[in-house]
Amino acid sequence: MLIQPLTGSHDRRGFDCGRVELNDWLAKVARQHQNKRLSKTFVAVQEQAPSAILGYYALTLTEVDTAALPESHSKRLPRIIPGVRLGRLAVGRQHQAKRLGELLLMNAIERVHAIRAHAGVVGLFIDAIDDQAVGFYRRYGALPFLDDPLKLFLPVG
């Protein structure tokens, strides 16, 4: 299994995670955003089939108002903090429940650590698509925002 930046050789239209909005974003928006340097998408592929996307996630830089964070984190930070935003993470239907989502999340966290070595980053800010996704991220220590339970904060130390 390889996790690599999205390129034109990946089959974006062949990906199906069961959520139309996530499939469509990958097929229609991901490359445009990457070309405009708005976000960077990373895909999981197998070496023997490098064009077939098994799962993906997208990262961008962000600033967040700490007023919406749990007090245990907001009280020790300035009002606006820098971070990395995980806007999307999806796993193809045939690879769900096989821990690929966990592998993608851990890879995203590794990239946050790499960014942190060169720039100020407090953590990973996550936009969950639904309550099931919230449960997934909470298992890894993500904390919900006070004003929006679908937004989460994963401190990166």
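This text goes with the structure placed above it.
Cut-offs and rules
Residues numbered from 1 in each chain as written. Predicted model: local features only at pLDDT ≥ 70, side-chain atom pairs only at ≥ 80, totals over all residues. Heavy atoms only, no water. Helix = DSSP H or I, 4+ residues; strand = E, 2+ residues; numbered from the N terminus. Buried < 20%, exposed > 50% of the residue type's maximum accessible area, 1.4 Å probe, protein only. Contact = heavy atoms within 4.5 Å. Areas by Shrake-Rupley, 256 points an atom, 1.4 Å probe, with all protein chains shown as cover. Lys, Arg positive; Asp, Glu negative; His and termini not counted. Charge placed at Lys NZ, Arg CZ, Asp CG, Glu CD. Salt bridge = Lys/Arg side-chain N within 4 Å of Asp/Glu carboxyl O. Core = buried A, V, L, I, M, F, W, Y, C linked by side-chain atoms within 4.5 Å.

Enquirer: Mind laying out the overall build of the chain, listing which residues take part and the relevant values?
Expert: Of regular secondary structure, the chain possesses four helices and seven strands. Mapped in sequence order, the helices and strands of the chain form the string β-α-β-β-α-β-α-β-α-β-β. Structurally, the chain occupies a C-alpha span of about 50 × 30 × 25 Å along its principal axes. Here the chain, with 157 residues, has 44% of them falling under the buried criterion. Across the chain, the fraction of contacts at a sequence separation of at least 24, relative to all contacts at a separation of at least 6, is 62%. Total accessible area on the chain stands at roughly 8500 Å², and carbon and sulfur atoms take up 50% of it. For the chain, the distance from the average site of its 21 positive side-chain charges to the average site of its 15 negative ones is 4 Å.

Enquirer: Residue-level account of the pattern of salt bridges, with values.
Expert: For the structure on display, the rule yields six salt bridges. In this structure, Arg19 engages Asp130 in a salt bridge whose closest nitrogen and oxygen atoms are separated by 2.6 Å. Here the residue Arg19 occupies a position in the loop between strand S1 (2-5) and helix H1 (20-35), and Asp130 occupies one in the loop between strand S5 (123-127) and helix H4 (131-138), the gap between them amounting to 111 residues. Glu102 is the salt-bridge partner of Arg99, the closest N and O atoms lying 2.5 Å from each other. You can call Glu102 buried: its relative accessible area is 19%.

Enquirer: Got a sec to walk through the nonpolar core? Specific residues and values, please.
Expert: In terms of nonpolar packing, the biggest core is built from 28 residues, with Tyr57, Leu86, Leu124 and Tyr137 touching the most fellow members. Of all the secondary-structure elements, those providing two or more residues to this core are strand S2 (40-45), strand S3 (55-65), strand S4 (80-91), helix H3 (100-116), S5, H4 and strand S7 (151-155). Top element by residues in this core is H3. It accounts for six residues. Apart from the residues lying within four places of it in its own chain, the contact partners of Leu124 are Leu59, Val84, Arg85, Leu86, Leu105, Ile109, Val112, Leu152, Phe153, Leu154 and Val156. Phe15, Trp25, Ala58 and Ala90 belong to the second largest nonpolar core, which has 13 residues in total.

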